[in-house]
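Each chain, letter by letter, is given below.
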Amino acid sequence: MKYVLVTGGVVSGLGKGVTASSIGLILKACGLRVTSIKIDPYLNTDAGTMSPFEHGEVYVLDDGGEVDLDLGNYERFLDIKLTRDNNITTGKIYQSVIDKERRGDYLGKTVQVVPHITDAIQEWIERVAVIPVDGKEGPPDVCVIELGGTIGDIESMPFIEALGQFSYRVGAGNFCLIHVSLVPVLSVVGEQKTKPTQHSVRGLRSLGLTPNILACRSTTELDENVMEKISRFCHVPVDNIITLYDVSNIWRIPLLLRDQKAHEAILRVLNLKGVAREPALGEWTSRAELCDKLHEPVRVAMVGKYTGLSDAYLSVLKALVHASVPCHRKLCIDWIAAGDLECETAKENLDNYKKAWKLLKGADAILVPGGFGDRGVEGKILAARYARENRIPFLGICLGMQIAVIEFARSIVGLLDANSTEFDPNTQNPCVIFMPEGSKTHMGGTMRLGSRRTYFQAADCKSAKLYGNQRFVDERHRHRYEVNPDMVQQLENAGLSFTGKDESGRRMEIVELPNHPYFVGVQFHPEFKSRPGKPSALFLGLIAAATGQLETFLKKGVPKTWGLSNGTSGLKSHRYVNGSKLANGSLDGIYSKGNGIHV
């Protein structure tokens, strides 16, 4: 088994996750089977109870694991299915060791960080690394491990020690350390400064880990003399120094690695030169080039609670990009804080209220993503009402579906106090209720989580056609509340159609308005299974409806794979915030407008 460890230094947010994903992709393109592990040094058992403002979105796996968003990057880039054990946290490690101690497994020994915690980390890595994640039998060839945080963080120390021991134990030819570091450019002198990288590597070496390859994050390509200086002071060959400079879209990063022969450096360290082939990235290259050529926009209003941090909706954004590219449109996100649409905001901040409604009315499509808590709910209901009444393509995910049902019950059925018991426990018309099997005392891991099956109730509905006229579909879930099954008949009699249900027939999974161009709500999270070149069916339907292409797709059928030979032309994609161009295209050339969110 071969291992590639990706660490980071100087500052957080350098893009270790995307770098690790890109390394995995290029190794897979070389014909190797790849798996990934993310190490998060926080004490939480998993990411499930963490606020999206604190740590970005909670990514959900097939097995119900609530994990770090970087595992989403791994799954999207490598087109694999990971498990909850592919995300290691300090909480998981300490819990496993304490459980062993309570059982008496250590035979009376004093339980310490070294060797017991460090051994548990190594055993976890070795156990998970051999689990196949690509649907094939037998263990993978390479495991890419990303260590969260930066070198020197106190909470990372047990993992650093464990990985140092691990590298020695598996042997030099089986372990490759790639260190991602910052090479800033001081605007005053315009010079690339190497000192932060030197200090970072020195700190890494002092902790018992020696980098084989340096991935230097900078706004521009490193000068030759700068690379030579880094090589000299960090004891890394120039051929093993890679520049990760700003690119127009995220799909160009693996191409950047390929062009700088990063795969050759990794294969040399791992003694795989004679086994692997040259990376085959033809389709990936075509997709990256097509993304840069798109110029005709499609505007999607994202009406949410966590619009202050785009990472809170990272998978939704990725799924929108995956759908926009085959529709040959440049994705433009209009971020709208749901609370700004409410009448209360008109009294307190009229400018924000007017701005939010102007963005909503100018959108080609409206998307209400998932969320928890009552803040901004009335604004989301207003957005769903506007989409329904004005026949604007609409997609509601999880809570977005629930508020669409509430809005319909209020406006069409006439139940003016209709609500979710999450927001009004005493409502006389509970359209959305707490699930019977849920826990009201424990938060972590107690929701309806992971892959569940949805059965289509009608063959002629839009969602069934978009999914290829299958009888059922498996999608990932994360919710505590559901549409009240006792009110379904009343809602359907008024014209709302529940086109997808679970195996019992009592849990509503998909809702549609049949006489609307595209009005779909889903209890599951389709964004988690969207991939480049394999866009989520419902996101594709949203973008296709917003660009006038939906009927064509529904008549001809949605192709399983997307051709990328379209001869589109136009301006390159860049990122914009409040009209100003940003250099770093870290989210696929998405444009942002509204509240100045960096996407």
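As the structure is a computational prediction, the values presented were derived from the model and not from experiment. (Residues numbered from 1 in each chain as written. Predicted model: local features only at pLDDT ≥ 70, side-chain atom pairs only at ≥ 80, totals over all residues. Heavy atoms only, no water.)

Student: Would you take a moment to explain the environment of Glu54 for this structure?
Tutor: In this fold, Glu54 is placed in helix H2 (residues 52–55). By relative accessible area, which is 65% here, Glu54 ends up exposed. Residues Glu54 and Ala312 lie 258 residues apart in sequence; the distance between their C-alpha atoms is 9.0 Å. (Helix = DSSP H or I, 4+ residues; strand = E, 2+ residues; numbered from the N terminus. Buried < 20%, exposed > 50% of the residue type's maximum accessible area, 1.4 Å probe, protein only.)

Student: How do you make sense of the environment of Tyr467 when you look at a structure like this?
Tutor: Its location among the elements puts Tyr467 in the loop between helix H17 (462–466) and strand S19 (472–479). A sequence separation of 11 residues divides Tyr467 from Phe456, and the C-alpha atoms of the two residues are 9.9 Å apart. Apart from residues lying up to four places away in sequence, Tyr467 is in contact with Phe456, Val473, Glu475, Phe524, Pro526, Ala537 and Leu538. (Contact = heavy atoms within 4.5 Å.)

Student: Whenever I open this one, helix H1 (residues 16–29) confuses me. Can you help?
Tutor: Given a rise of 1.5 Å per residue, 14 residues ought to cover 20 Å, and the 20 Å separating the end C-alpha atoms of H1 matches this to within 8%. Counting buried residues along H1, 13 of its 14 residues qualify, which places the element largely inside the surrounding structure. Looking one or two residues beyond H1, the residue adopting positive phi is Gly31, at roughly 95 degrees. (Expected span 1.5 Å × (residues − 1).)

Student: Would you mind going over the sheet that holds strand S20 (residues 481–483) with me for this structure?
Tutor: The pairing of strands in a sheet comes from backbone hydrogen bonds and takes either a parallel or an antiparallel form. Read from one edge to the other, the open sheet built from 3 strands follows the order S16-S17-S20, with strand pairing classed as mixed. Where the open sheet ends on each side, the last strands, each with one partner, are strand S16 (419–420) and S20. With 3 bridges joining them, strand S17 (residues 430–434) and S20 adopt antiparallel strand pairing. Bridge pairing in S20 links Val432 to Val483. Each of S16, S17 and S20 touches helix H16 (residues 399–413); the most contacted strand, S17, lies at about 150 degrees to it. (Pairing = 2+ DSSP bridges. Axes fitted to C-alpha atoms, helices over the stretch in contact; angles between N-to-C directions.)

Student: Would you explain the packing of helix H15 (residues 377–389) against H16 in this entry?
Tutor: Each pair of packed helices can be summarised by the angle the axes make with each other and by the distance between the axes. One way to put it is that H15 packs onto H16 with a least axis distance of 9 Å and a crossing angle of 70 degrees. Between H15 and H16, the crossing angle belongs to the class labelled roughly perpendicular. The chirality of how H15 crosses H16 is right-handed. Contacts between H15 and H16 involve Val377, Glu378, Lys380, Ile381, Ala384, Arg385 and Arg388 from the first element and Leu399, Ile403, Ala404, Ile406, Glu407, Phe408, Arg410, Ser411 and Ile412 from the second. (Parallel < 35°, antiparallel > 145°, perpendicular 65-115°, else oblique. Left-handed = near helix turned anticlockwise from the far one by under 90°.)

Student: What is the right way to read the UniProt feature "domain: CTP synthase N-terminal" (unreviewed entry) in the chain from this model?
Tutor: Sequence positions flagged by UniProt for "domain: CTP synthase N-terminal" (unreviewed entry) are, in local numbering, residues 2–272. Regarding residues 2–272, the helix share stands at 41% and the strand share at 18%, and the terminal C-alpha atoms are separated by 9 Å. (UniProt positions renumbered as here; feature names shortened; annotations may be inferred.)

Student: I keep staring at the domain arrangement of the chain and nothing clicks. Help me out?
Tutor: Each assigned domain of the chain is listed with its residue range as follows: domain 1 (2–286) and domain 2 (294–556). Using C-alpha coordinates to define each centre, domain 1 is positioned 35 Å away from domain 2. The partner domain 2 presents 30 residues to the 23 residues of domain 1 that form the contact. Taking both partners together, domain 1 and domain 2 bury about 2,300 Å²; carbon and sulfur atoms supply 58% of that area. Contact with domain 2 buries surface across domain 1, with Phe53, Arg76 and Trp251 losing the most and accounting together for 28% of the total. Where domain 1 packs against domain 2, one counts 6 salt bridges. Taking the shortest distance from any N to any O, the salt bridge between Glu75 and Arg531 comes out at 3.3 Å. If you look at where domain 1 meets domain 2, you find 13 residue pairs in polar contact (both at pLDDT 80 or more). (Domains from an automatic or database assignment. Buried area = accessible area lost by both parts, 1.4 Å probe. Salt bridge = Lys/Arg side-chain N within 4 Å of Asp/Glu carboxyl O. Polar contact = N/O pair within 3.5 Å; in protein donor to acceptor, adjacent residues only side chain to side chain.)

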